[in-house]
Amino acid sequence: MEIKSIKILFLEDSQDDYELNIISLKKSGLNLQGVRVETKEEFIEHLDKEAWDIILADYNLPNFNALEAYALLKERYPDIPMIIVTGVLTEDAAIACIEQGITNYVLKGNLARLGSAVKQALNKRHLEEARKNYEKELEKTYEELKQRADDIKELLRQKDEFIGQLGHDLKTPLSVLMTILPMVKEDSDKPEVIDDCDMAIRNVNYIKNLVIETLKIAELSSPYVEFDIKNTTLVEIADNVIKDNHLVFTKENIKIENIIDEKIIVEADQLRLSELFNNLISNAVKYSGNNGGKITIDAHNNKDTVTISITDTGIGLTKEKIEHIFDEFYKADDSRHNLESSGLGLSICKRIVEKHGGKIWAEGEVDKGSTFYFTLPSKTHIEE
Ligand code: ADP
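Residues numbered from 1 in each chain as written. Predicted model: local features only at pLDDT ≥ 70, side-chain atom pairs only at ≥ 80, totals over all residues. Heavy atoms only, no water.

Caption draft 1: Molecular detail of the overall build of the protein. Along its length, the protein carries 11 helices and 14 strands. For 384 residues, the compact-globule formula gives about 21 Å, and the C-alpha radius of gyration of the protein, at 39 Å, lies well above that figure. The principal-axis extent of the C-alpha atoms belonging to the protein is close to 120 × 60 × 40 Å. Sorting the 384 residues of the protein into buried and exposed places 39% on the buried side. Counting only contacts in the protein whose residues sit at least 6 apart along the sequence, the fraction spanning at least 24 positions is 70%. Approximately 22,900 Å² of the protein is accessible, and the part contributed by carbon and sulfur atoms is 51%. (Helix = DSSP H or I, 4+ residues; strand = E, 2+ residues; numbered from the N terminus. Rg over C-alpha atoms; globule rule 2.2 N^0.38 Å. Buried < 20%, exposed > 50% of the residue type's maximum accessible area, 1.4 Å probe, protein only. Contact = heavy atoms within 4.5 Å. Areas by Shrake-Rupley, 256 points an atom, 1.4 Å probe, with all protein chains shown as cover.)

Caption draft 2: Spotlight on the environment of Leu67. As for its placement among the helices and strands, Leu67 is situated in helix α3 (residues 66-76). A relative accessible area of 22% places Leu67 in the partly exposed class. When the C-alpha atoms of Leu67 and Ala57 are compared, they prove to be 9.3 Å apart, with 10 residues separating the residues in sequence. Contact partners of Leu67, with chain neighbours within four places excluded, come to Tyr59, Cys97, Gln100 and Ile102.

Caption draft 3: View of the environment of Asp298. Its place among the elements puts Asp298 in strand β11 (residues 293-302). Of the residues examined, Asp298 reaches a relative accessible area of 17% and is grouped as buried. It is 8.6 Å that separates the C-alpha atoms of Asp298 and Glu257, two residues lying 41 residues apart in sequence. Ignoring anything within four residues of it in the chain, the contact list for Asp298 reads Ile259, Ile260, Thr307, Ile308 and Ser309.

Caption draft 4: How the structure looks around the packing of aromatic side chains. In this structure the tally under the stated criterion is 5 aromatic pairs. For the pair Trp361 and Tyr373, a centre-to-centre distance of 5.2 Å together with 15° between the ring planes defines the contact as stacked. Separated by 12 residues along the polypeptide, Trp361 in strand β13 (residues 360-365) and Tyr373 in strand β14 (residues 369-377) bring together distant segments of the chain. Its relative accessible area of 31% is what places Trp361 among the partly exposed residues. (Phe/Tyr/Trp six-rings, centres within 6.5 Å; stacked < 30°, edge-to-face > 60°.)

Caption draft 5: Region of interest: the pairing of β11. Sheet topology note: the strand β9 (residues 254-258)/β11 ladder contains 5 bridges and is parallel. Note on β11: the bridge partner recorded for Ile254 is Gly293. Across 8 bridges, β11 lies against strand β12 (residues 305-312) in antiparallel orientation. Directly across from Thr296, in β12, lies its bridge partner Thr311. (Pairing = 2+ DSSP bridges.)

Caption draft 6: Looking closely at the sheet that holds strand β6 (residues 82-86). Taking strand neighbours across the sheet as the criterion, the 5 strands line up as β2-β1-β3-β6-β7 in an open arrangement whose pairing is parallel. The sheet terminates laterally at β2 (32-37) and β7 (104-107), the two strands that pair on one side only. Strand-to-strand twist of the sheet, defined as the mean angle between neighbouring strand axes without regard to direction, takes the value 25°. Bridging between strand β1 (residues 6-11) and strand β3 (residues 54-57) involves 4 bridges; their strand directions are parallel. Bridge pairing links Phe10 to Leu56 in β3. Across the sheet, α3 lies against β1, β3 and β6, angled at about 165° from β6, the strand it touches most. (Axes fitted to C-alpha atoms, helices over the stretch in contact; angles between N-to-C directions.)

Caption draft 7: How the structure looks around the packing of helix α1 (residues 15-27) against helix α5 (residues 114-187). Contact pair α1 / α5: the axes reach a minimum separation of 8 Å and the direction vectors enclose 70°. Relative to α5, the element α1 is oriented roughly perpendicular. Contacts between α1 and α5 pair Asn21, Ser24 and Leu25 from the former with Leu114, Gly115 and Val118 from the latter. Classifying every residue of the contact of α1 with α5 gives 3 nonpolar, 3 polar and no charged. (Parallel < 35°, antiparallel > 145°, perpendicular 65-115°, else oblique. Nonpolar A, V, L, I, M, F, W, Y, C, P; charged D, E, K, R; others polar.)

Caption draft 8: How the structure looks around the nonpolar core. Membership of the largest hydrophobic core comes to 45 residues, with the highest contact counts inside it found for Leu234, Leu273, Phe277 and Phe374. Top element by residues in this core is helix α9 (residues 270-286). It accounts for 7 residues. Every residue in contact with Leu234, bar those within four places of it in the chain, is listed here: Ile260, Ile264, Val266, Leu273, Phe277, Ala299, Val306, Ile308 and Leu376. One finds Leu9, Leu11, Ile80 and Ala94 within the second-largest nonpolar core, a separate group that totals 24 residues. (Core = buried A, V, L, I, M, F, W, Y, C linked by side-chain atoms within 4.5 Å.)

Caption draft 9: Expanded view of the sheet that holds β14. A sheet is described by the order of its strands in space; here 5 strands give the open sequence β9-β11-β12-β14-β13, paired in mixed fashion. In this open sheet, the two edge strands, each paired with only one partner strand, are β9 and β13. In this sheet, adjacent strand axes meet at a mean angle of 15° when their direction is disregarded. Each of β9, β11, β12 and β14 touches helix α7 (residues 234-244); the most contacted strand, β9, lies at about 160° to it. Each of β9, β11, β12 and β14 is contacted by α9, which is oriented at about 170° to β14, the strand it contacts most.

Caption draft 10: Structural context of the layout of surface pockets. Quantified by volume, the second largest pocket comes out at close to 300 Å³. Lining the second largest pocket we find 17 residues, and of these Pro78, Asp79, Pro81, Thr103 and Lys124 sit closest to its centre. Mapped by element, the contributors of at least two residues to the lining of the second largest pocket are α3 and α5. In terms of residue count, α5 provides more of the lining of the second largest pocket than any other element does, 6 residues in total. (1 Å grid on protein atoms, 1.4 Å probe; cavity = no way out; pocket = protein on both sides within 12 Å on 5 of 7 lines; lining within 4 Å. Points joined across faces, edges and corners; volume = space filled by probe spheres on them.)

Caption draft 11: Molecular detail of the side chain of Ser309. Position of Ser309 relative to the elements: it lies in strand β12. Here Ser309 falls in the buried class, since its relative accessible area comes to 10%. When residues no more than four places from it in sequence are discounted, the contact partners of Ser309 are Thr296, Ile297, Asp298, Thr371, Phe372 and Tyr373.

The following block contains the structure:
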């Protein structure tokens with residue numbers, strides 16, 4: 001590779017040697033501009049005058065030497081390489097030079113090497129500069145990404161604050177409506193007014209549930225929310241939720257089976273865990289279709305984690321929909337929903353699971369059913 005017009009500062013007390021160096025470098029294809037200096041003062045003065053590509057220095061000069069020159073260079077321009085061009089150099093001196101960081105040395109008796117030594121040093125410098133630029137770019141990108149992540153965190157915090165505030169503001173007028181509407185219904189003997197009141201009550205109830213769930217999301221998003229973590233027998237929590245909902249299973253003609261091993265103990269907040277089971281089991285019922293079906297609750301212990309599964313034989317889910325079902329306000333298919341759906345149940349589940357340090361996910365096949373999985377920290381003693 002031919003390097004175009006490189007700028008070389010020579011520290012050399014002999015004009016003849018300087019000229020020999022130039023001839024040798026030109027022979028090796030280098031196009032250069034050279035300046036020769038002899039003393040420490042000249043060296044310091046010229047260092048600042050040009051953007052030198054490389055310094056070539058004789059080892060010993062009358063009142064100065066290459067090691068001193070290198071110390072000055074390193075202090076001012078650490079990226080500029082230096083090669084020593086000298087008549088003789090003992091092995092110890094050569095080692096000392098390289099240890100200090102001097103790039104290379106060439107003996108005057110072997111000047112044919114000078115060109116390739118200079119080219120090598122310049123290549124190394126270019127590579128080093130490229131590496132440094134790359135590192136700077138990388139650092140800049142990292143800082144930008146960090147800043148963006150902070151901005152997103154702040155936006156999410158503001159969103160949660162907004163949701164929480166909205167929920168609180170809606171609570172009072174809703175309570176007023178929930179008191180007045182039944183009274184209006186009671187006082188009326190006109191069937192159309194009674195029908196309108198029923199419809200209004202259903203809608204107000206829907207908004208009330210939406211507000212309750214929205215406030216729950218805001219609460220669970222807060223870094224200050226506290227969980228009362230205890231060793232908990234998993235099967236009992238699931239059984240209690242099943243008992244509380246037994247009328248629904250009968251009404252919907254759904255068979256429910258809890259086959260969780262009674263030995264499985266998890267570390268969990270029992271109220272939140274009940275809420276989690278309740279949401280997932282209610283969904284399994286809600287999306288079981290109209291012909292009954294079966295719900296199975298199971299759990300597997302794997303070292304430090306228990307994976308709980310709730311499987312239904314309902315309408316199922318596509319892969320595309322599964323990607324979004326844990327998002328707030330997402331409803332996989334609006335036409336399936338009535339005023340009982342808010343699209344918030346699974347985002348609440350996700351937050352509860354994540355606050356326990358677990359994960360939640362789903363699998364499903366359209367018209368065959370879905371399985372929702374979540375993990376919790378295990379306290380079960382595993383027998384070898
Ligand atoms: P929703 O109040 O609408 O039930 P969720 O957040 O609980 O809100 O659920 C989000 C969406 O995921 C639901 O609207 C539904 O389309 C889908 N989904 C949830 N559970 C099931 C399930 N067991 N089977 C099929 N689809 C489900």
